Amino acid sequence: MAKISSTRQKALLRKYSRNIKFLMTLASICVIVFTLPKQAKFSYDIEKGRIWNQKDLISPYNFAILKTQQEIENDEKTALASITPIYQLDADIGNRERDGFKGDLNVKWHTAGLKDRQKAEYMATGDQLLKEVYDRGILNLNPKYQQTSENYPITILEKNVATDKNTAELFTKEKAISYCDNALNQQKNLDKAFLLDLISSRIQPNLNYDNKLTSRLEKEAVDGLSTTRGMVQKGEAIVLKGSVISDEVYQKLLSYKKAFEDNARISGDPLLVLLGQFLLVGIAITLLMVFLYLFRKDIYEDNRLVSLILLVVTAMVFTLSMAIKLQLPNLYYIPYCIVPIIIRILFDTRLALNIHLLVVLIAGFFVPNSFEFAYFELTAGMVSIYSIKNLIRREQFLISALIITFTYFVAFLGISFIRDGSLKTIDWMDFVPFIVSVLLTLLAYPLIYIFEKVFAITSDITLIELTNTNAPLLREMAFSAPGTFQHSLQVANLAENAIYTIGGNSLLVRAGALYHDIGKLENPLYFIENQTGFNPHDKLQYQESAQIIIGHVRKGVELARKANIPEIVIDFIRTHHGDTRVDYFYHSFLKNFPEKIIDENIFRYPGPIPFSKEGGVLMLADSVEAASRSLKEPDEKSINDLVDRIVKYKLDQNQLKDSNITLKEIETIKTIFKRMLMSIYHVRIDY
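Residues numbered from 1 in each chain as written. Predicted model: local features only at pLDDT ≥ 70, side-chain atom pairs only at ≥ 80, totals over all residues. Heavy atoms only, no water.

### A look at the environment of Met-231
Logical step 1: Structurally, Met-231 can be placed in strand S7 (residues 228-232).
Logical step 2: Placed 166 residues apart in sequence, Met-231 and Ile-65 show a C-alpha to C-alpha distance of 5.5 Å. (Helix = DSSP H or I, 4+ residues; strand = E, 2+ residues; numbered from the N terminus.)

Right, here's the structure in full:
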């Protein structure tokens, strides 16, 4: 079978990009709908202590009032207390041990040095004592039933005949031996130690605890308990408008919700429930795609990025669905803030807020107390986005986690005060799920790394690592091409300040500035900033010199890719000269060889021109900084003229037409460049 070339594959992907996008969107909707709980949604949010602002709620049918969890636990304790532990009587043990005693006595009698005429008396006394203790019963006490008292009531089964007794009436092995010891004290003519030793070795429990039967009786008692108390009749008012939701009313509302969901499962059409979920989820995901199309066209056009966003959204809703199906004790254990953090770091603030809003809206249909849930998660999500607006240090993750926890805590207090109106009634253990959720949110850090590698995305964290001057390529440049390294640092400062002022990714432009001339590592002495007197271009033709200068772009791309520098940074290497000419060598050639015809493209960079605001700013910063080094007497006028001339030249050459930079922003950039250059060259400004 013939293989499709990579070029052909890319062409097919571009051709069917819209179809692929549609299929990914549909697949995401289907996965979310498939995993969501298939039940009708109860129409009311229930919160104890709040005023019922809805219309009078009248019961449409009869339903039982559910007991509270505390009532159920109390009933279970009462039911279990009514079940006495079962002990089985093994009568054979007593007979067997008595026979064994007689045998032991016969064996040891001859070595005991006692008179033969007393043997019968020893035999009768020992046998009588064993009969007495076994007739009363011997058992091992069970600590499970000694919570309040050492002794407890039990039921003894002998051939399926039950007898109720208390362990105080029975022997343990220790008590039986003590009883025999006291009895032998009355027999002055017998060797007590000899006889007690024989008796003690033959005392074993003949009442055995029947755990299986006792547990079965306890289970039957608990299973037989009713989970309801009373009924609400059809037409009866459950709660009236304006009334406070008391404990009793709250329990009726919970019971009505349970009855409603049970009836919906029996009488409701599951296909309509499925259709309703499909419509709701479909609207939410479609709104997300519309947002991308209108405001982030760059992401919308890249199916790789769209698939990442849909994956994150689907995974979060899937996690929520699994938590509901597995009946997680508290749905606030789920780290909802992980989604806005990941999207914010990989993309931007607006997209993160938009996606978090849609995820919470979808989840709100399937969690209890939807408004309370939405308030908790929307506020926490907004705080998580704001707290990492400019991620420049790793510890900001921990700071963000603390701020999110504080936000949860304040919201928790506020809702608790509204609900209970008392500080004493707050159950502080209810806040534990929020703490767990925040701790799980820290998983965003390794997830971001995984997404970066799988989807070839560059986050601010990676840019921070790239801008470290101890990075391998930058260290090599500082050693092999120190002039270029210093030039790159100055360009980075100029570009970063400019882009920060007009709006853009300052970390990205700094990374691009530091690496934009990395290709000069191959022949550093051919570039004037690294020369110390000798100029190798003096021995070359102008065309050759131009090709060496132009070649640093191609070589820079090769070095960067070899070092696994992200493509978004490599774009700065490719575009920082656009498709301009190497004017010095071009005009030198025309001046010295006016009669010759030369292809101008030999002296022109291959491009492309910058296609982002950051790329355009870097191009201007690079040209201005390089040109400023040629100023013999830098002063305010010469610097102003230089910056104006360089910027005008780039505009005249159409180098900034794809950069999305406005004329107003260009004026701002010029002002920043002038001020910084005058500061660098210590120019005194006349006031």
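### As for the nonpolar core
Logical step 1: Counting 71 residues, the largest nonpolar core has Leu-292, Ile-309, Ile-343, Phe-347, Leu-351, Ile-355 and Tyr-408 as its most contacted members.
Logical step 2: The contacts of Ile-309, once residues within four sequence positions are left out, are Leu-288, Leu-292, Ile-299, Ile-343, Phe-347, Leu-351 and Ile-355. (Core = buried A, V, L, I, M, F, W, Y, C linked by side-chain atoms within 4.5 Å. Buried < 20%, exposed > 50% of the residue type's maximum accessible area, 1.4 Å probe, protein only. Contact = heavy atoms within 4.5 Å.)

### Looking at the packing of helix H21 (residues 482-502) against helix H26 (residues 613-628)
Logical step 1: As a packed pair, H21 and H26 sit with axes 9 Å apart at the nearest point and diverge in direction by 135 degrees. Relative to H26, the element H21 lies oblique. When you trace H21 past H26, the crossing you get is right-handed. Each of His-487, Gln-490, Val-491, Leu-494, Ala-495, Ala-498, Ile-499 and Ile-502 in H21 lies in contact with H26, whose residues at this interface are Lys-613, Glu-614, Val-617, Leu-618, Ala-621, Asp-622, Glu-625 and Ala-626.
Logical step 2: For the contact of H21 with H26, the residue count by class is 10 nonpolar, 2 polar and 4 charged. (Axes fitted to C-alpha atoms, helices over the stretch in contact; angles between N-to-C directions. Parallel < 35°, antiparallel > 145°, perpendicular 65-115°, else oblique. Left-handed = near helix turned anticlockwise from the far one by under 90°. Nonpolar A, V, L, I, M, F, W, Y, C, P; charged D, E, K, R; others polar.)

### With respect to the pattern of salt bridges
Logical step 1: On inspection of all chains with the given rule, the structure shows 29 salt bridges.
Logical step 2: For Glu-220, the salt bridge identified is with Arg-216, shortest N-O distance 3.8 Å. With Glu-220 and Arg-216 both in helix H8 (residues 211-223) and 4 residues apart, the pair spans about one turn of that helix.
Logical step 3: Its relative accessible area of 47% is what places Glu-220 among the partly exposed residues.
Logical step 4: One salt bridge in this structure joins Lys-613 and Glu-665, with 3.1 Å as the shortest N-O distance. In this pair, Lys-613 sits in helix H26 while Glu-665 sits in helix H28 (residues 663-680), placing the two residues 52 residues apart along the sequence.
Logical step 5: Given a relative accessible area of 15%, Glu-665 falls into the buried group. (Salt bridge = Lys/Arg side-chain N within 4 Å of Asp/Glu carboxyl O.)

### What about the packing of aromatic side chains?
Logical step 1: What the rule picks out here adds up to 23 aromatic pairs.
Logical step 2: Their ring planes at 50 degrees and their centres at 5.2 Å tell us that Phe-171 and Tyr-179 sit as a pair that is tilted.
Logical step 3: Taking relative accessible area as the criterion, Tyr-179 reaches 30% and is therefore assigned partly exposed.
Logical step 4: Residues Phe-376 and Phe-434 carry aromatic rings whose centres are separated by 4.7 Å and whose planes lie at 45 degrees to one another, so their mutual orientation is tilted. Here the residue Phe-376 occupies a position in helix H15 (residues 370-387), and Phe-434 occupies one in helix H17 (residues 432-441), the gap between them amounting to 58 residues. (Phe/Tyr/Trp six-rings, centres within 6.5 Å; stacked < 30°, edge-to-face > 60°.)

### Considerations on helix H10 (residues 270-295)
Logical step 1: Here H10 is 26 residues long and its end C-alpha atoms lie 37 Å apart, about the 38 Å a rise of 1.5 Å per residue gives.
Logical step 2: On its buried face, H10 sits against helix H2 (17-35), helix H11 (297-300), helix H12 (303-325) and helix H14 (349-364). (Expected span 1.5 Å × (residues − 1).)

### Side note on the sheet that holds strand S3 (residues 86-89)
Logical step 1: An order of S5-S4-S3-S6 is seen for the 4 strands of this open sheet, with the pairing classed as mixed. On the outer flanks of this sheet lie strand S5 (161-166) and strand S6 (207-209), each paired with one strand and no other. Along the sheet, successive strands turn relative to each other by an average axial angle of 35 degrees, direction set aside.
Logical step 2: Across 3 bridges, S3 lies against S6 in antiparallel orientation. Looking at S6, one finds that Leu-89 is bridged to Leu-207.
Logical step 3: Sitting on the sheet, H8 touches S3, strand S4 (153-158) and S6, and the angle it makes with S3 is about 145 degrees. (Pairing = 2+ DSSP bridges.)

### Description of unusual backbone geometry
Logical step 1: Phi at Lys-159 takes a positive value of approximately 55 degrees, unusual for a residue other than glycine.
Logical step 2: Topologically, Lys-159 is positioned in the loop between S4 and S5.
Logical step 3: On the accessibility criterion, Lys-159 (78% relative accessible area) is exposed.
Logical step 4: The phi dihedral of Ala-456 is positive, around 55 degrees, even though this residue is not glycine.
Logical step 5: Within the secondary structure, Ala-456 is located in the loop between helix H18 (444-455) and helix H19 (460-466).

### A look at the pairing of S5
Residues in a regular strand point their side chains to alternate faces of the sheet.
Logical step 1: Where S4 meets S5, 6 bridges bridge the pair, whose relative direction is antiparallel. Within S5, the residue paired with Ile-154 across the bridge is Lys-165.
Logical step 2: Connecting S4 to the antiparallel partner S5 that follows it, the hairpin turn spans 2 residues, and Lys-159 within it adopts a positive phi of roughly 55 degrees.

Functional significance is not addressed by these values, which are geometric in nature.
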